[in-house]
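# An overview of the molecular structure
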Amino acid sequence: MLRVVVLGAAAGGGVPQWNCGCPVCRQARSEHPELRSTQASIAVSADGDHWFLINASPDLRQQLIATPQLYPRSGKLRHSPIAGVILTNGEIDAVAGLLSMREGSPFTIYAHPKVLAILGDNSIFNVLNEKNVRRQPIDIDQTFEPALPDGSPSGIEILPFAVAGKSAWYLEGKPHPAGATGVGDTLGLRIGDRTTAKFFYFLAACAEVTDDLKSRLAGAPLIFFDGTVWRDDELITAGLGTKTGQGMGHIAMSGERGAIESLAGLDIGRKIFLHINNSNPALLGDSAERRIAERAGWQIPADGTEIML
Ligand SMILES: [Zn+2]
């Protein structure tokens, strides 16, 4: 059985974001603490004992405190059930949490060479001693099975695939350490259980739903999908920023080419938005946007939500 815990559902900055006075962040600080959400990441396990993180958010320490499944086993002086971290991109909100895992426990980082090149190019990540923390390249369209610390198979089968997206924001206008060409900056994952053949998809960033992606996701029992913005220009119209969703490599929830419309009618069992920016009005439980999303069968998850399949 696959167990999935939503460690965080928010986009970069979280909810509330430290310097933000938008309506969602204001309400999250005061009368609606249930709006609070940490930056996007999930944990996955096939055996309930060993877990893999999909991305390591800057809120990782807080997420681990809130998640008993990820506590060190009792009776062990040093231990973590986290056997590995799979990175789907090189954004701060996907990789910065690695720095909170620097206390000498062994685990493996799985990432595309383009993202591994970013880690390799930033000496601060050398704090993760390669004797303990292996860096394992993964390839697009090549299924892999992450290993447990003793080298035995985890029972989890992961297929990374290329998704329309952008390089990490902090690399904009700068040379990419892996070179300018080629895909690999943004991955989607198909995550399956070898024993039961149950599976789900994870796409924390996606700039466009192509026909290829539609046929891939059609009929899936569960997807986690990029829910960064409601409207492409919402940061600009709210006076919060100068970038569009597309400019950041993220599709909008609404609109003709948005996620809700594009993924309608694909017979997907359960649709969950993830990586939701605090500017997104669908976060508000009583908003018209939330009603539209829910009527289309989408869920906005609370941190800590556990799903078994
Ligand atoms: Zn805000």
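Here the structure is a predicted model, which means the values were calculated and not measured. Throughout, a residue's number is its position along its own chain's written sequence, starting from 1. Under the rules for a predicted model, residues below a pLDDT of 70 receive no local features and side-chain atom pairs below 80 are neither given nor counted, while totals for whole chains, interfaces and linings still include all residues. Only hydrogens and water are removed before side-chain values are computed, so all heavy atoms of the structure are retained for them.

Moving on to the sheet that holds strand β12 (residues 298-299). With mixed pairing, the six strands of this open sheet are ordered in space as β7-β8-β9-β10-β11-β12. If you trace the sheet from one side to the other, it starts and ends with β7 (156-162) and β12, each paired once. In this scheme, strands are said to pair when DSSP sees at least two bridges between them. Strands here mean DSSP runs of E at least two residues long; helices mean DSSP runs of H or I at least four residues long; both are numbered from the N terminus. Direction of pairing for β7 relative to strand β8 (residues 187-193): antiparallel, over a ladder of seven bridges. Within the sheet, the bridge partner assigned to Ile156 lies in β8 and is Asp193.

The next thing to look at is the packing of aromatic side chains. Any aromatic ring pair is given by two values, namely how distant the centres are and how the planes are angled relative to each other. The aromatic pairing rule takes the rings of Phe, Tyr and Trp, using the six-membered ring of Trp, and pairs them if the centres are within 6.5 Å, calling planes under 30 degrees apart stacked, those over 60 edge-to-face and the rest tilted. Applying the stated criterion to the full structure yields seven aromatic pairs. Arranged with centres 5.9 Å apart and planes meeting at 90°, the rings of Phe199 and Tyr201 form a pair that is edge-to-face. Side by side, Phe199 and Tyr201 carry an identical accessibility label, which is buried. Each ring, one from Phe202 and one from Phe224, has its centre 6.5 Å from the other, and the planes form 50°; the classification is tilted. With Phe202 in strand β9 (residues 199-203) and Phe224 in strand β10 (residues 222-226), the pair connects residues that are 22 residues apart, well separated along the chain. Pairwise contacts between aromatic rings join Phe161, Phe199 and Tyr201 into one cluster. When a residue's accessible area, from a 1.4 Å probe over protein chains only, is under 20% of the maximum for its type it is buried; when over 50% it is exposed; and in between it is partly exposed.

With that settled, the discussion passes to the coordination of the zinc ion. Water is not part of the atom set, so a site may look incomplete; the donors themselves are N, O and S atoms within 2.8 Å of the metal, or 3.2 Å for Na, K and Ca. For the zinc ion, the full set of protein donor atoms is Cys20 (SG), Cys22 (SG), Cys25 (SG) and Asn278 (OD1), at a range of 2.2 to 2.4 Å. Considering all four donor atoms around the zinc ion, the spread of angles at the metal, 104 to 115°, places the coordination shape in the tetrahedral class. In terms of primary sequence, the donors binding the zinc ion are separated according to C-x1-C-x2-C-x252-N. Of the two residues, Cys22 is situated in the loop between β1 (3-8) and α1 (23-29) and Asn278 in the loop between β11 (270-274) and α8 (288-295); the sequence distance between them amounts to 256 residues. A relative accessible area of 6% means that Cys22 is categorised as buried. In this scheme the shape depends on donor count and angles: four donors with every angle between 85 and 135 degrees give tetrahedral, four or six donors with opposite pairs above 155 degrees and others between 65 and 115 give square planar or octahedral in turn, and any other case is irregular.

Salt bridges are defined as contacts in which a side-chain nitrogen from Lys or Arg sits within 4 Å of a carboxyl oxygen from Asp or Glu. Considering all chains together, one arrives at 10 salt bridges under this definition. Between Arg135 and Glu130 there is a salt bridge, with its nearest N and O atoms 3.9 Å apart. In this structure Arg135 comes out as buried when scored by relative accessible area, which is 16%.

Right, let's talk about empty space enclosed by the protein for a bit. Any residue with an atom within 4 Å of a point lines the site, the site being either a cavity, points on a 1 Å grid over the protein atoms alone where a 1.4 Å probe fits but cannot get out, or a pocket, an open set with protein on both sides within 12 Å along at least 5 of 7 lines. Grid points are joined across faces, edges and corners, and a volume is the space filled by probe spheres set on the points. According to the stated counting rule, one finds one cavity of 30 Å³ or more in the structure shown. Of the voids in this model, the largest cavity is the one considered here, and its volume is about 150 Å³. In terms of lining residues, the largest cavity is bounded by 15 residues, among which Asn89, Glu91, Ala205, His250 and His275 are the most central. Considered class by class, the residues forming the lining of the largest cavity number five nonpolar, seven polar and three charged. Under the grouping applied here, Gly and all other residues not named as nonpolar or charged are polar, the nonpolar ones being Ala, Val, Leu, Ile, Met, Phe, Trp, Tyr, Cys and Pro and the charged ones Asp, Glu, Lys and Arg.

Let us now look at the sheet that holds strand β3 (residues 51-54). One open sheet holds the seven strands; their spatial order is β6-β5-β4-β3-β2-β1-β13, and the pairing between them is mixed. Of all strands in the sheet, those with a lone pairing partner are β6 (133-137) and β13 (306-308), marking the two edges. The mean angle between the axes of side-by-side strands here comes to 20°, regardless of whether they run parallel or antiparallel. Pairing between β1 and strand β2 (residues 41-45): five bridges, direction antiparallel. Counterpart to Val5 in the pairing with β2 is Ala43. Packing of helix α4 (residues 113-121) onto the sheet brings it into contact with β5 (107-111) and β6, and relative to β6 it is tilted by some 145°. Axes here refer to lines fitted to C-alpha atoms; in helices the fit is confined to the stretch in contact. Angles between the N-to-C directions go from 0 to 180 degrees. Contacts are assigned to residue pairs that have any heavy atoms within 4.5 Å of one another.

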